[in-house]
Structure formats: structure tokens, C-alpha cells
Amino acid sequence: MQNKILKGLLMSATLLLTLASCTKEGDVIYETDPNDVAPTTPLVTVIYDPNAVGDGNYNDLIYKGVEEAAREYGLRTMQLSPSTHDEGLAYLQTLFQQMSTAQDTVRRLFIVAAASYDYYLRQNNDRLAVNPYVDLLYLETAKPLDGKGSTLYLPYYGAMYEAGAIAQALAPDVLLVAANPKVESVAGAVSGFTDGFRADYIHYPEQLNYTKTLVTEYISDEASGGFTIADTTAMRIMNEREWPGFIHMLVPVCGGAARTFQHLNDLMGGYDIMGVNAYYDSSNSSLSAVKHIDRAVALCISQWLSPDGMPKHQSLGLADGYTGVEVTTGNSMLYDILEYFNAAPLTEELRTKIHEDAIRKEAEYGK
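Residues numbered from 1 in each chain as written. Predicted model: local features only at pLDDT ≥ 70, side-chain atom pairs only at ≥ 80, totals over all residues. Heavy atoms only, no water.

J.: I would appreciate a short explanation of unusual backbone geometry in the present structure.
T.: Where the residue is not glycine, phi is negative for most of them; where a peptide bond is considered, it is trans in most cases. One non-glycine residue, N51, adopts positive backbone phi at about 55°. Examined against the element boundaries, N51 turns out to sit in the loop between strand 3 (43–48) and helix 2 (58–73). Taking relative accessible area as the criterion, N51 reaches 34% and is therefore assigned partly exposed. For N277, which is not glycine, the phi dihedral falls at a positive 80°. Looking at the secondary structure, you find N277 in strand 12 (residues 275–277). The class of N277 is buried, set by a relative accessible area of 11%. (Helix = DSSP H or I, 4+ residues; strand = E, 2+ residues; numbered from the N terminus. Buried < 20%, exposed > 50% of the residue type's maximum accessible area, 1.4 Å probe, protein only.)

Shown next as C-alpha cells:
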């Protein structure tokens, strides 16, 4: 799927641009096509983590938001999904080199959708200051850039807190698999779910003899790692634990690797698996925490095109409707059991309380 998407991206880009190879020595990334009938049309270029496009998750939502905005406003786009971190860094190096010396007046927006390039961006973003026609948007960081460039953060703590609180009514045993502890958005998601799950919103009847169990495992300890995973590794993680009960939930906070877990679980079963970043439509899923990064990116592009431009930094979370939770209780065995014992799980009043608590705690998180 990834190759098909990337091929489609490059084909659409080359209608107006000629895409060439890029190396650390500074080879050209793109040149103006002499047959280009509208070379002054604004251009949006997105640089992702290695092999990110095609994850069916967060990065594909970014792609979707950019392309929808491009159709609405008549923009050109080029979306680059490198095969390695070094290749992605080389894209950035060449783009910054070219744009710091460009003489044309074409408006360009560079969107960086990867925390693994954080150090390079913060050391080099001011090189773009000499070009008034170039802007930079760095996604998913709560720390604004010094100098030129805007930042966007969709805090996930609140939505994941709400999901963790609700999960208590859906499964007493949870395996949370996270990509790595170094990416800010992943860390916030892990903290949010953990705090929500450990809060006492659901009380199990004594007859069930249930206690809550939460196990957290990281796939990698590198900032660019853990977003892809081999089937064999995913199977080992899923099967290596012996749970005291028979109702378990898997929460994959790991980007594209979540699809591997979802696919294996749909084949073999064993877990009620939670959708993360996007709604997961499956009979094996009763809960999803969603992140509307597509809408947020489209908003930033519309701001970029406006006379006022993009804000220096903006944070759009649960209170703003850019993150949220969707529940399908009909897929949950535990929910049915609690209803049988008249435990009244997830009443409208409780859902409202959890949601309000989650918004408040997200505002307090990190302060």
C-alpha cells in the first residue's frame, strides 16, 4: 500500500515538478518543469518519517488533510516519505539550502511531520528567514521554534485519559504497546491512558473477583523507532503474557505498527484491540481514541494562505474537538457482564464526568 500511495504522490507532484534524487552532497530535490503552466502556484511539501506514508493511520491522515486542502485552494503538493532517516535528513538539508538562496517569489510551505528531525530543525530553521516566501510548519511538538517557523501540537493526553477511564468497563487487563518513550506525543498518550485507567471510575462486583492490570511495553528506545514491527515480534509481544482473566485489551500507541497488531489480532483473536489516532472498525474493537490531524493540518494551510498567516504556535486538543473517543460497547464482553450484574457501567452521567475530567487534566498536564 505504501508504495502505491508514494507513487501516486510523486506522479501528482511531477505534473508540476520534476523530482530528482537527493543525497547528502546536496543533489537537487526538485527543479521547475519548463512545461509547467503555473510555476507561481503555491507549493506545499511534506517530509515524513521513514516509510511513514501508507501506515493507514496518523501519517495517512496528514496526507489526506494536505491533499484535501490543496484541492480546495488550488495548491501544488509534494509529499516525501523517505526509506531511511538519513534520506529524510538529506531532503531537509537540500530543501533548506535551496530555499535560503532561492530568487523566485513562489510561496512555499514545508511541513515536517517527524520528531526524529527535531535537532536539525531547531538548529537550522532560521536559515529560511532570508526568504520571505517560504514558511515552515513543524507538527506535534509542544515546544515552539525559536526564530522562523510555526508549530502545531495536538495534545493526546486528554483523549487517552478518557479512553483509559472508559477501558475499565471494557477489559480489566490491558497491554499498552508504545513505539518509544522519546516522542512527545507518544509519551503524552501513554501517560494519559495510564492515569485514566488507574483512576477509579468503574467498580467491579465482588462476584467477579476482578482487579485492574496494566502492562506497558516499548518497541524501541530510539526517537525514530517502534513505528514499524515484524509480524513475529508483534506475535511474541501479544502471546508472551499470561493474564489472570479472559478479557484483555491491547492498546497500540505505535503508529503504523498498530496495523500489524490489528491484522494479527483479527486473524488469531485474543484481545479487544483499541484504535489509536483513528477509529478502528472491527468486531474485535470496542474503543478508539481519535486524533483529527487531517483537519488540523488543513486548518494550518488555510491560515498560511490568509493575510494573518499561521500562529507561531497552536495547541488543539480534546476541548477543541481535534481529539476524541468513540465507544462500541456491543463488542465488549466485560461490558455485557457488568450490565448483567446491574453494575451500570458508562452511564451518560459517568461519560460526561470522565470527559470533563479529561479536559481538565489535559489542561493541567505538564504544568
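J.: Sorry, what's going on with a nonpolar patch on the surface here?
T.: On the surface, M235, L267 and M268 cluster together into a nonpolar patch covering about 290 Å² of accessible area. Considering the arrangement of structural elements, one finds M268 in helix 8 (residues 257–268). (Patch = residues over 30% accessible without salt bridge, like charges linked within 9 Å, V, L, I, M, F, W, Y side chains within 5 Å. Areas by Shrake-Rupley, 256 points an atom, 1.4 Å probe, with all protein chains shown as cover. Salt bridge = Lys/Arg side-chain N within 4 Å of Asp/Glu carboxyl O.)

J.: Mind showing me how you'd approach the packing of helix 7 (residues 231–239) against helix 8 here?
T.: Each pair of packed helices can be summarised by the angle the axes make with each other and by the distance between the axes. Running from N to C, helix 7 and helix 8 cross one another at 65°; their axes reach a closest spacing of 10 Å. The orientation of helix 7 relative to helix 8 falls into the category roughly perpendicular. Judged by the twist between their axes, the crossing of helix 7 over helix 8 is right-handed. In this structure, helix 7 uses D231, A234, M235, I237 and M238 to contact helix 8, whose residues at the interface are T260, F261, L264, N265 and M268. Classifying every residue of the contact of helix 7 with helix 8 by side-chain character gives seven nonpolar, two polar and one charged. (Axes fitted to C-alpha atoms, helices over the stretch in contact; angles between N-to-C directions. Parallel < 35°, antiparallel > 145°, perpendicular 65-115°, else oblique. Left-handed = near helix turned anticlockwise from the far one by under 90°. Contact = heavy atoms within 4.5 Å. Nonpolar A, V, L, I, M, F, W, Y, C, P; charged D, E, K, R; others polar.)

J.: It is not clear to me how the packing of aromatic side chains should be interpreted in this structure. Could you clarify?
T.: The relative placement of two aromatic rings is captured by the distance of their centres and the angle of their planes. Within this structure, the stated rule accounts for seven aromatic pairs. With a centroid separation of 5.8 Å and 85° between ring planes, the pair formed by Y204 and Y210 is classed as edge-to-face. Here the two residues Y204 and Y210 agree in accessibility, since each one is buried. Ring geometry for Y340 and F341: centres 5.4 Å apart, planes at 90°, overall edge-to-face. An aromatic cluster of at least three residues, connected via ring pairs, comprises Y157, Y161, Y201 and Y365. When the ring centre of W304 is taken as reference, the NZ or CZ atom of R107 above it lies at 4.7 Å. Cation over ring: R295 sits above Y322, and NZ or CZ is 5.0 Å from the ring centre. (Phe/Tyr/Trp six-rings, centres within 6.5 Å; stacked < 30°, edge-to-face > 60°. Lys NZ or Arg CZ within 6 Å of the ring centre and 35° of its normal.)

J.: Can you walk me through helix 6 (residues 184–198) in this structure?
T.: What sets the pattern is the α-helix's 3.6 residues per turn: residues three or four places apart point alike. Helix length check: helix 6, at 15 residues, gives a terminal C-alpha distance of 21 Å against a target of 21 Å (1.5 Å per residue), a fit within 8%. When helix 6 is considered as a whole, its buried residues turn out to be S185, V186, G188, A189, V190, G192, F193, T194, G196 and F197. Considering only its buried residues, helix 6 is in contact with strand 7 (150–153), helix 5 (157–167), strand 8 (173–178), strand 9 (213–218), strand 10 (248–253) and strand 13 (287–291). (Expected span 1.5 Å × (residues − 1).)

J.: Sorry if this is basic, but what is going on with the environment of F193 here?
T.: As for its placement among the helices and strands, F193 is situated in helix 6. C-alpha of F193 to C-alpha of Y157: the two residues are 36 residues apart in sequence and 7.3 Å apart in space. Leave out the neighbours within four places in its chain, and F193 touches M160, Y161, A163, G164, A167, V174, L176, L214, V251 and M274.

J.: Any chance you could explain the nonpolar core here in plain terms?
T.: Taken as a class, soluble globular proteins show a tendency for nonpolar side chains to be buried jointly. By size, the foremost hydrophobic cluster in this structure holds 46 residues, and its most contacted members are M160, F193, M249, V251, V253, M274 and L287. Contributing elements (two or more residues each) for this core: helix 5, strand 8, helix 6, strand 10, strand 13, helix 10 (333–340) and helix 11 (348–364). Here this core gets eight residues from one element, more than from any other, and that element is helix 5. L287 has contacts with A163, I166, A167, L170, M249, I273, M274, G275, V325, E326 and V327, leaving out every residue within four places of it along the chain. Core analysis: the second largest hydrophobic core is formed by 28 residues, I62, A69, L137 and Y322 among them. (Core = buried A, V, L, I, M, F, W, Y, C linked by side-chain atoms within 4.5 Å.)

Geometric values such as these leave the question of function open.
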